[in-house]
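Observations on chain architecture
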Amino acid sequence: MDLTWSESEEAFRTEARSWLESNVPTPALPSGDTKEGFALHLDWEHRLAADNWSVVSWPKAFGGRDASLWEWLIFEEEYYRVGGPQRVTQNGIFLLAPTIFEFGTPAQQEYYLPRMSSAVDLWCQGWSEPNAGSDLAAVRSKATRDDAAGGWRLSGQKTWTTRGAFCNYLFGLFRTDPESERHKGMTYFMVPLEGDGVTVRGFGRLDGDEGFAEVFFDDLFIPDDDGTAATMARGGILGEVNQGWGVAMATTSSERGLTLRSPGRFQATATRLVELAREQVGNGLSEQMADAVADAWMDAEAYSLFTLSDVSGVVEGKAMGARSSYNKIFWSELDVRLHEVALDLLGPSAELDGPWMKGYQFALSGPIYAGTNEIQRNIVAERVLGLPRK
Amino acid sequence: MDLTWSESEEAFRTEARSWLESNVPTPALPSGDTKEGFALHLDWEHRLAADNWSVVSWPKAFGGRDASLWEWLIFEEEYYRVGGPQRVTQNGIFLLAPTIFEFGTPAQQEYYLPRMSSAVDLWCQGWSEPNAGSDLAAVRSKATRDDAAGGWRLSGQKTWTTRGAFCNYLFGLFRTDPESERHKGMTYFMVPLEGDGVTVRGFGRLDGDEGFAEVFFDDLFIPDDDGTAATMARGGILGEVNQGWGVAMATTSSERGLTLRSPGRFQATATRLVELAREQVGNGLSEQMADAVADAWMDAEAYSLFTLSDVSGVVEGKAMGARSSYNKIFWSELDVRLHEVALDLLGPSAELDGPWMKGYQFALSGPIYAGTNEIQRNIVAERVLGLPRK
Amino acid sequence: MRFALTEEQIEFRAVVRGLLADTCGPDELRAAWPDAELAGGGPGGGNGRVPGAWSALAEMGVLGIMVPEANGGLEMTQEDLVPLLIEAGWAALPDPVSATAGVAVTLLAQATDSEKRAGELLAGIAAGELSFGCAFLAGRVATSNFVPAATSLDQILLCVNDQVHVVGPASLPLERVQSVDGARDLFRIDLVDQLDNSTVLLTGEAAESATRSAFDFAALGAAAELIGLSRRMLEMTVLYATERKQFGVQIGSFQAVKHHLTNASLAVEFAEPLVLRAANSLALGNPQASVHVSMAKAKASAAAKAAAAASLQVHGAIGYTVEYDLHLYMKRSWALAGEFGDVEFHRRRVSDELLAI
Amino acid sequence: MRFALTEEQIEFRAVVRGLLADTCGPDELRAAWPDAELAGGGPGGGNGRVPGAWSALAEMGVLGIMVPEANGGLEMTQEDLVPLLIEAGWAALPDPVSATAGVAVTLLAQATDSEKRAGELLAGIAAGELSFGCAFLAGRVATSNFVPAATSLDQILLCVNDQVHVVGPASLPLERVQSVDGARDLFRIDLVDQLDNSTVLLTGEAAESATRSAFDFAALGAAAELIGLSRRMLEMTVLYATERKQFGVQIGSFQAVKHHLTNASLAVEFAEPLVLRAANSLALGNPQASVHVSMAKAKASAAAKAAAAASLQVHGAIGYTVEYDLHLYMKRSWALAGEFGDVEFHRRRVSDELLAI
């Protein structure tokens, strides 16, 4: 066990901190889930990319720094410690990119990844449909083969698409075998959101931001991949036709896993919670609230250590497997708890639309999205503990 | 709304309190779930019965006082307030008797009820079998018709029979139609535990008492009812042959309902908890523990008020229905919580085998027996809230 | 002994429920939000009031239910008003029914001997002509200095240490603040130095005692509304879980969903009797009334939080959108859970009584 | 950075686990209970020790793992011992491994300069010849005056304010008390006035500092055992839920059962890293070590309570019988959750550090 950072890791931290401290915008940007806020966030993403901080763990060729997973953790810690903006590019970087790394052709990687890391292309996910939320296998949106035109024609509806109204690409599953049911016969498509055959309608979220969208496809044509940039700009397929489920599962497992919610974010929240409580010391802070703060803070520490343990395994080549569901359940409920304690500390002012109430509402989505925590609990029970599936 | 007691109710309370204060044994009896303790409890039951306090709400003819449900609540309050002993007759009085009142013939009522109220006959329940715990419909013990001898021959095994080793009668379901499955073809039997064809084996419970028993039936003969005491002493059937499920459901619903766990018991526990906390005031009682005590105490009050509300309905002829499942879930988890808070107050001494640790272990059985709380939650969800059964 | 509403109370409650269902549905509620987009639709430009519901309640005499007959009211009690506030909560009515019919009447009734104005104001309430807000700015009760829809009100009662003032909103320094619940068009009143004798209603011990009673009612009113809100959220969620299918079955058939909703429902079912008992205690002047109110508010707040959490989780993403109705009720329950003393404040009042530490 | 056990540590742990599975199964455990009936069977007459397991551990050098090489030990660290204590917890071994190999060695190692006896006692531990108990009778740490199997021990260390004594049990006033866990053949030691200089090991600041370290190890040892106990209970319960059928299916297929066990498992999985980190901090003399220990003990205690509750509830009636094995592990977890500081005590140490109130 060695819980210290190496010299080169410390140097990386120093470099990241110094850059972030000079560049992170103050005051904090407004939410990136509104039209105006999104534009400001885009400026920030471009600044990150310009100095190669947008995807530190990617190869340099695609805009990264070849940083290790440890360095990635360090970067995230520093990023949230200084209050870096929410990453509006995260769906592409954390959810789609791992799939492109695993299933994309070299040409696809060369085309899509640099455009993603530099925030030229902005990706949203298209998993949910009106009748396929938690039940991803119930997807009905379809892609019909058009051999004459040499491509696919997409129709159907996706919904709950975070920041869908501000992105120019979507990734998701479409049924390519009309006879198929459930997990079979779906294909993983990358789809442009501009042009004929696509309608995007933004709508309001709990916290007042219009960060959701419904996306309607009506005979949208995606040409077959000929390896040219012009064609890839019009969308494409990842992996094999009709094998989309397996491709998507690789993505959803990364969504639940290490890279989406680095401990840095929750430790930063826990630190702010402790600061909020400190302001009340000597001015009405009860033992009970102090202990509630300590308890939530301990959980943030536990999450950090759990992640260090997982990363230690991953860098030595061990698979995380279904253990990543532990991770998803814990961080999402920790995030809710941290905000609940803060709101309790605020007393009657909690109802005001301040940063903690905003954060609380955002946190409430954690146990729902990326596979509800009920489903994650089933996964842990069946695949980790070994209880019968039924 | 009238939350006061009438003059006659107050008089009843005074009479009950005065009798109980003069008669409740001090120091408290040892547990009634051991052989020695049971004998002492039996003395107590006989004393209760001698002065008609064993079943206050029953008709006078069967040993009661024709007391109202309100008076019954008052009696229970007073009983537990002075620390009255656990009722080792409760399975008969609270579980079997309501069924005899509803399904018994006049002769059965006249024979069994006075012997029960005077603790001549001691009843245990025989619901569970090795493969039929929560799933009562999985009963395999059977009763075979013997027309030649004019009666039934019982065989099979019952288990988790509380105080089974100290009782002389058992009630439970036996499969009378060998072709039947699940809820059908079972009959509700009253069965003597002495004589040929019965073996009772006591075994140890979590809290160290040997209060459980397994009961084995091997060709035990129960003669057909001819209305004579001699025959009824050898057991009998309640309700119709093959209709035992319906008869038993009437009993299990009374088990979950009003009469098994009167609020008095939990209020008495809550009062002792407050006293325990008061001893620590000025001597290390933290705000946090004080609030935990208050919280549990409030729940005991809430349970009492909920019961008053239910009784108000019942005396006006309203059915409780599945709402009784709320009751079962709440009191059983309240009982655990009250003891947990007490153990937390005791700190390192909690592990000692004192009354709170004993009570805790007893309380832990609450969420399990009489239909696990998981099943009760299903019942509330389906029958009260109206969620689909699936 | 009879712990149940009377036939008349049940009937009154049913009428009010029907009336509110007609006049304060999700559309009317959205119209009370100043900001249409935050409400998830509607006209926008609301001022935290639902005029149709308010005037219907006024017409029925609900606002004057506790006003003495001498002042034109029904001279009924907290026991009669509290069940109606549960219904107001069910509808998430943002109007100041509890503040006017409960809190203000409690304060004014104690001032009729000393102040002629008090009787006139009571008569105005009974006539359905006056709406009130109330703020507790300093004293032994929990500070509550947010007043919803303050600019729309006729009078605001201010409890400050050993004084009670009654002031028109135009004379007060009101700072508009943004509640998470837009239908609470919220204003903050900070401690007002410039209050002079012209607005005093009560002083000294009389003011302190009246303030305590008023605060108790304010807390109980919020508790009652929280019970109604909880029931509404659970009803919506049961309905949704019965309609919505995933994995080929109704999601309400999953045990996890059943148990989430049962747990929340348990909390509500065992909080409501505490609310009704506290109403009885206030009506009878029971010396334990304040403790009973605190039990009610602590448990009703906790129950509403549980109901909101379970409802959102069972709904999933749709509950997370403002175009769906759930947020209208959930945000109100978040706000009221902290108003007039949160869970910790009221639990502490109970533990102080039990353990005197 | 590498937050994982070394290959050697993993191997040592596996060997110890196998050894304990062979020497400290439910039968051997029941034999440690003085009262056969309370144990649910077995010979009875036990004294809270499992001699076969103890001597096997001694032979492997586990007891001297932290003893300096100069005194015949392995001179390894808390980081090496703590994973083995998780295994001792998994087996519910009642013997004083943590007290001897951890607490006593911590105290004695700080006395070797001043006291020749200390080195001899360390050598005795390393040789597998001495067993120790430890009581914290007064001072800044949580009072812990229960010593399991006290009469079977060679020496008992007493930390009293600014003194540390080492005394044979025969010279102490031991009051036998009944723990809910019979395998903890428990004795109470009340503050001993008659202690004289002949038994002093450390005094003054050295004693206070050693006491703090010793208490930290005691709490961490209990935390480690609680992790092992939790895992054992969950393993038993998963097995049972897979075998037991109700309503025609394995009960483990019910979502309620799955979620009970997942919740408990979550608590354990996120407590264990805190335990291992605290071991590392103690080994390195990290100034935050005490806080890290408190985080570990608070969360491990809570996790064990959750695991015990879920296990009993999923088992149902069979878990409620002493003839079934679950109670052997559940009762130990109840006892250790409160020993050397309960959840509240340790959470308070953390909040004092964070918030200094």
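Reading the values: rules and limits
Residues numbered from 1 in each chain as written. Chains lettered and ligands numbered in written order. Predicted model: local features only at pLDDT ≥ 70, side-chain atom pairs only at ≥ 80, totals over all residues. Heavy atoms only, no water. Helix = DSSP H or I, 4+ residues; strand = E, 2+ residues; numbered from the N terminus. Rg over C-alpha atoms; globule rule 2.2 N^0.38 Å. Buried < 20%, exposed > 50% of the residue type's maximum accessible area, 1.4 Å probe, protein only. Areas by Shrake-Rupley, 256 points an atom, 1.4 Å probe, with all protein chains shown as cover. Polar contact = N/O pair within 3.5 Å; in protein donor to acceptor, adjacent residues only side chain to side chain. Contact = heavy atoms within 4.5 Å. Pairing = 2+ DSSP bridges. Axes fitted to C-alpha atoms, helices over the stretch in contact; angles between N-to-C directions. Phe/Tyr/Trp six-rings, centres within 6.5 Å; stacked < 30°, edge-to-face > 60°. Lys NZ or Arg CZ within 6 Å of the ring centre and 35° of its normal. Buried area = accessible area lost by both parts, 1.4 Å probe. Salt bridge = Lys/Arg side-chain N within 4 Å of Asp/Glu carboxyl O. pLDDT = per-residue confidence, 0-100. Domains from an automatic or database assignment. Bend = angle between axes of the 7 residues up to and from the residue. Parallel < 35°, antiparallel > 145°, perpendicular 65-115°, else oblique. Left-handed = near helix turned anticlockwise from the far one by under 90°. Nonpolar A, V, L, I, M, F, W, Y, C, P; charged D, E, K, R; others polar.

In this section: the overall build of chain C. Scanning chain C from terminus to terminus reveals 12 helices and 9 strands. Here the C-alpha radius of gyration of chain C, 20 Å, is about what a compact globule of 357 residues would show, namely 21 Å. Taken along the three principal axes of its C-alpha coordinates, chain C extends 70 × 50 × 40 Å. By residue count, 65% of the 357 residues in chain C fall in the buried class. Here chain C displays about 11600 Å² of accessible surface, and carbon together with sulfur accounts for 51% of that area.

The next point concerns the side chain of B:R377. Topologically, B:R377 is positioned in helix α12 (residues 373-385). Here B:E333 takes part through its side chain, which lies 2.9 Å from a polar atom of the side chain of B:R377. If we skip the residues at most four places from it in the chain, B:R377 touches B:I329, B:E333, C:H259, C:T262, C:N263 and C:L266.

Moving on to the sheet that holds strand β3 (residues 155-160) of chain C. Paired through backbone hydrogen bonds, the strands of a sheet run either parallel or antiparallel to each other. Residue and element names in this part refer to chain C. Here we have 4 strands laid out as an open sheet, ordered β1-β3-β4-β7, and mixed in their pairing. The open sheet has two free edges, formed respectively by β1 (132-138) and β7 (200-203), since each of these has just one partner strand. The average angle at which neighbouring strand axes cross in this sheet is 15°, direction not considered.

We now examine the sheet that holds strand β5 (residues 174-177) of chain D. All names here are of chain D. Taken in spatial order, the 3 strands line up as β2-β6-β5 in an open sheet, and their pairing is antiparallel. Each edge of the open sheet carries a strand with a single partner, namely β2 (146-148) and β5. Taken pair by pair, the neighbouring strands of this sheet meet at an average axis angle of 35°, ignoring direction. Relative to strand β6 (residues 186-189), β5 runs antiparallel, the two being bridged by 4 bridges. Looking at the pairing, E175 lines up with R188 of β6.

What follows deals with the packing of aromatic side chains. Applying the stated rule across the entire model yields 76 aromatic pairs over all chains. In textbook terms, an aromatic cluster arises when at least three aromatic residues are bridged by ring pairs, as seen for A:F266, A:Y303, A:F306, A:Y326, A:F330, A:W331, A:Y369 and D:F270. If you follow B:R337 out to its NZ or CZ, it ends over the ring of B:F330, 6.0 Å from the centre. The ring of C:W90 carries the charged tip of C:R17 above its face, separated from the ring centre by 4.1 Å.

Here we come to unusual backbone geometry. Between A:T26 and the following residue, A:P27, the backbone shows a cis peptide bond with an omega angle of -10°. Topologically, A:P27 is positioned in the loop between α1 (7-23) and α2 (35-50).

On to the interface of chain C and chain B, then. Across the contact, 39 residues belong to chain C and 48 residues belong to chain B. Approximately 4300 Å² of surface area, both sides summed, lies buried where chain C meets chain B, with 67% of it carried by carbon and sulfur atoms. Summed over the three residues of chain C that lose the most area to chain B, namely C:M1, C:F3 and C:F270, the buried surface amounts to 21% of that side. On inspection of chain C and its partner chain B, the count reaches 9 salt bridges. Among the salt bridges present, the one from C:K299 reaches B:D299, with a minimum N-O distance of 2.9 Å.

Quick look at the environment of B:T199 now. Residue and element names in this part refer to chain B. As for its position among the elements, T199 is in strand β6 (residues 198-203). Given a relative accessible area of 47%, T199 falls into the partly exposed group. When the C-alpha atoms of T199 and V341 are compared, they prove to be 41 Å apart, with 142 residues separating the residues in sequence. Apart from the residues within four sequence positions on either side, T199 is in contact with E214, V215 and F216.

Mean pLDDT for chain A: 92, with 97% of residues reaching 70 or above. Within chain A, no element has a lower average pLDDT than helix α7 (residues 244-256) of chain A, which sits at 74, and none a higher one than α1(A), at 98.

Residue and element names in this part refer to chain A. When the domains of chain A are assigned, the result is domain 1 (7-87), domain 2 (123-248) and domain 3 (257-385). For domain 2 versus domain 3, the separation of C-alpha centres amounts to 32 Å. The partner domain 3 presents 6 residues to the 5 residues of domain 2 that form the contact. For the pair domain 2 and domain 3, the two sides together bury roughly 480 Å², of which 51% comes from carbon and sulfur.

All names here are of chain D. At V103, helix α6 (residues 97-109) is deflected by roughly 25°, the largest bend along its length. Within α6, 12 of the 13 residues are buried, leaving the element largely enclosed by the surrounding structure. Within the sequence span of α6, burial applies to V97, S98, A99, T100, A101, G102, V103, A104, V105, T106, L107 and L108.

Residues and elements named next belong to chain C. Across the interface, helix α8 (residues 204-243) lies against helix α12 (residues 343-355) with an axial gap of 13 Å and an inter-helix angle of 125°. Taken together, the axes of α8 and α12 lie oblique to each other. Crossing handedness for the pair α8 and α12: left-handed. Only F345, H346 and R349 of α12 make contact with α8, whose side of the interface consists of F215, D216 and A219. Here the residues of the contact of α8 with α12 are counted per class, giving 3 nonpolar, 1 polar and 2 charged.

A few words on the pattern of salt bridges. Residue and element names in this part refer to chain A. All chains considered together, the criterion is met by 110 salt bridges over all chains. With its nearest N and O atoms 2.8 Å apart, the salt bridge here joins R201 to E214. Here E214 lies in strand β7 (residues 212-223) and R201 lies in strand β6 (residues 198-203), a separation of 13 residues in the sequence. The partly exposed category is assigned to R201, whose relative accessible area is 35%.

Residues and elements named next belong to chain D. Secondary-structure assignment places G45 in the loop between α3 (36-39) and α4 (51-60). Using a relative accessible area of 64% as the deciding quantity, one classes G45 as exposed. Along the sequence, G45 and V97 sit 52 residues apart, while their C-alpha atoms lie 21 Å from each other. Setting aside residues up to four positions removed in sequence, G45 forms contacts with W33, P34 and D35.

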